Amino acid sequence: MSNSISIDALRQELWSKDLLDDVMRDVQNGMQFMGEGSNNIVQVSRELAKRKGDTETFGLVTRLAGDGVTGDDELEGNEESMNSYAEQVLIDQIRNAVRLKGKLDAQKTVYSQIEKARENLRIWMKEFLIRQIFLKMGGVTNTTLVDTNGAVVGVRAAWSNTPDFIPDADEAAGRGNRYWREGSTSSGDGTDDLAAGDTLTLDTITTVATMAKLASPQLQPIESGGDSFYVFYVHPLCARDLRKSSDWKTANQNARERGEKNPVFRGALGYWSNVLILENEFCPWLDVSVAGNSFRGAATGTDCAVDAARNLFCGRQAVLYAEASNPEALVVEQFDYKNKDGVAAAFIGGLQKAMFNSKEFGVIAVDAAAAV
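Basis of the calculations
Residues numbered from 1 in each chain as written. Predicted model: local features only at pLDDT ≥ 70, side-chain atom pairs only at ≥ 80, totals over all residues. Heavy atoms only, no water. Helix = DSSP H or I, 4+ residues; strand = E, 2+ residues; numbered from the N terminus. Buried < 20%, exposed > 50% of the residue type's maximum accessible area, 1.4 Å probe, protein only. Contact = heavy atoms within 4.5 Å. Areas by Shrake-Rupley, 256 points an atom, 1.4 Å probe, with all protein chains shown as cover. Expected span 1.5 Å × (residues − 1). Salt bridge = Lys/Arg side-chain N within 4 Å of Asp/Glu carboxyl O. Phe/Tyr/Trp six-rings, centres within 6.5 Å; stacked < 30°, edge-to-face > 60°. Lys NZ or Arg CZ within 6 Å of the ring centre and 35° of its normal. Polar contact = N/O pair within 3.5 Å; in protein donor to acceptor, adjacent residues only side chain to side chain. Axes fitted to C-alpha atoms, helices over the stretch in contact; angles between N-to-C directions. Parallel < 35°, antiparallel > 145°, perpendicular 65-115°, else oblique. Nonpolar A, V, L, I, M, F, W, Y, C, P; charged D, E, K, R; others polar.

Participant: I'd like a rundown of the overall build of the chain, residues and numbers included.
Facilitator: Counting its regular elements, the chain contains 7 helices and 19 strands. A burial count over the chain gives 49% of its 372 residues as buried. Taking contacts inside the chain between residues at least 6 apart in sequence as the whole, the part at least 24 apart equals 74%. Taken as a whole, the chain presents about 18100 Å² of accessible surface, with 46% of it coming from carbon and sulfur.

Structure, rendered in structure tokens:
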């Protein structure tokens, strides 16, 4: 067991609440469209913080499609039924801890190592939850998935809930109700045909935006500031390829004037076909030489011949997030006759991709070649 450096313990009862509050702020800032209510990509519920239970049920409702009545025709008896589904999210616990070195080492330091440990655990928990959101949206079940630095990031892909993966038939076709493979020109041009030159393009964003509007059920756009739009999370390697394309350069030369209302200059990569494009490092990425041939894992799903990123085109309620009460979110303990301190952090909750009649309710996966 490795030890780190330490100093005084701070009051645990205050830090437990502060830790969860800070983590949630971090995650919501990282996601941008996350909060209570259905007008979010990640819908948050804290009902399990008020009552006991291990499952949270969310309602998914599509838009009304009836014709209504005209004139003085009877409305009573001609009402429209809402088309709705319920999605259940199971909760689990995730924990991590830091063991500090000892009192002598604490005497030598000029800052609080317990406070530093708490801060590192906060960052770890934030990144864990954001990673989970993207693994769930992408339907990733490959537990050996790595990032571009070779660090394994897929170990907890099935934490709390195993996400529904992209159907084999859709990957084999290269397209589906909730799936698109960059460079696919006809049905049957599948994921296994993805080539190094099939990098993300603006034309694909236009195609997928059209898919979202015509899909059944339709992806419902986010509404904010009087605007209605979709959000497209792209991996940094795909963002790089997009920026290098001639179409992107031309589009930005002709972009509207710079200003606060231009999302290009408010932290977004760009705005195209009524789609807000956001770069995010947590979009799943597949190194075929290390993590197998599929986002589902080795020897499952459809083979990928080249490294690929799974970019995520989102509307409302793509992911459902349940948070339960946890009065001991952060614990400080002493060991070795009170010579050593340890700091542990825990989160109790769960996440799951929303499914409506076996189809993703709020997300379309877009695979593209993404070489380092």
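From this point, the narrative continues.
Participant: Can you break down helix H5 (residues 202–214) residue by residue, with the values?
Facilitator: Counted at 1.5 Å a residue, the expected span for H5 with its 13 residues is 18 Å, and the 19 Å between its end C-alpha atoms agrees. Looking only at H5, the buried set comprises Leu202, Thr204, Ile205, Val208, Ala209, Met211 and Ala212.

Participant: How would you explain the pattern of salt bridges if you had to name every residue and give the values?
Facilitator: Enumeration over the complete set of coordinates arrives at 19 salt bridges. Glu56 is the partner of Arg51 in a salt bridge, and the nearest nitrogen-oxygen pair spans 3.2 Å. By relative accessible area, Glu56 is classed as buried at 5%. With its nearest N and O atoms 3.2 Å apart, the salt bridge here joins Asp189 to Arg181. Classification of Asp189 by relative accessible area gives buried; the value is 17%. Each of Asp22, Arg25, Asp26, Arg118, Glu119 and Arg122 takes part in salt bridges that share partners, so that together they form one network.

Participant: Tell me what's going on with the packing of aromatic side chains, and back it up with residues and numbers.
Facilitator: One pass over the structure, following the stated rule, counts 10 aromatic pairs. Residues Trp124 and Phe128 carry aromatic rings whose centres are separated by 5.8 Å and whose planes lie at 20° to one another, so their mutual orientation is stacked. With Trp124 and Phe128 both in helix H3 (residues 113–138) and 4 residues apart, this pair spans about one turn of that helix. Since its relative accessible area comes to 27%, Trp124 is described here as partly exposed. For Phe128, a relative accessible area of 10% corresponds to the buried category. Aromatic pair Phe128 and Trp159: ring centres 5.2 Å apart, planes at 80°, arrangement edge-to-face. Here Phe128, found in helix H3, pairs with Trp159, found in the loop between H3 and helix H4 (168–173); they are 31 residues apart in sequence, far enough to count as distant. Here Phe128 matches Trp159 in class, with each residue buried. A connected cluster of aromatic rings, assembled from ring pairs, spans Trp124, Phe128, Trp159, Tyr321 and Phe347. Of note, Arg99 hangs over the ring of Phe335, and the distance from its end group to the ring centre comes to 3.9 Å. Over the aromatic face of Phe165 sits the side chain of Arg296, whose NZ or CZ is 3.5 Å from the ring centroid.

Participant: Describe in detail the side chain of Glu56, supporting the description with residues and values.
Facilitator: Mapped onto the elements of the fold, Glu56 is located in strand E3 (residues 55–61). Engagement of the side chain of Glu56 in a polar contact is seen with the side chain of Arg51, the distance being 3.2 Å. Those residues within four positions of Glu56 in sequence are excluded, and the remaining contacts are Ser45, Glu47, Leu48, Arg51, Glu87, Gln88, Val89 and Ala322.

Participant: How would you sum up the environment of Trp180? Please name residues and give values.
Facilitator: Along the chain, the position of Trp180 falls in strand E7 (residues 179–181). Along the chain, Trp180 and Asp170 lie 10 residues apart, while their C-alpha atoms are 8.3 Å from each other.

Participant: Please give an account of the packing of helix H6 (residues 236–244) against helix H7 (residues 246–253) that cites residues and values.
Facilitator: Where H6 meets H7, the closest approach of the two axes is 4 Å, and the angle between their N-to-C directions is 70°. Accordingly, the angle class assigned to the pair H6 and H7 is roughly perpendicular. Side by side, H6 and H7 meet where Leu242, Arg243 and Lys244 of the first sit next to Ser246, Trp248 and Lys249 of the second. Looking at side-chain class alone, the contact of H6 with H7 contains 2 nonpolar, 1 polar and 3 charged residues.

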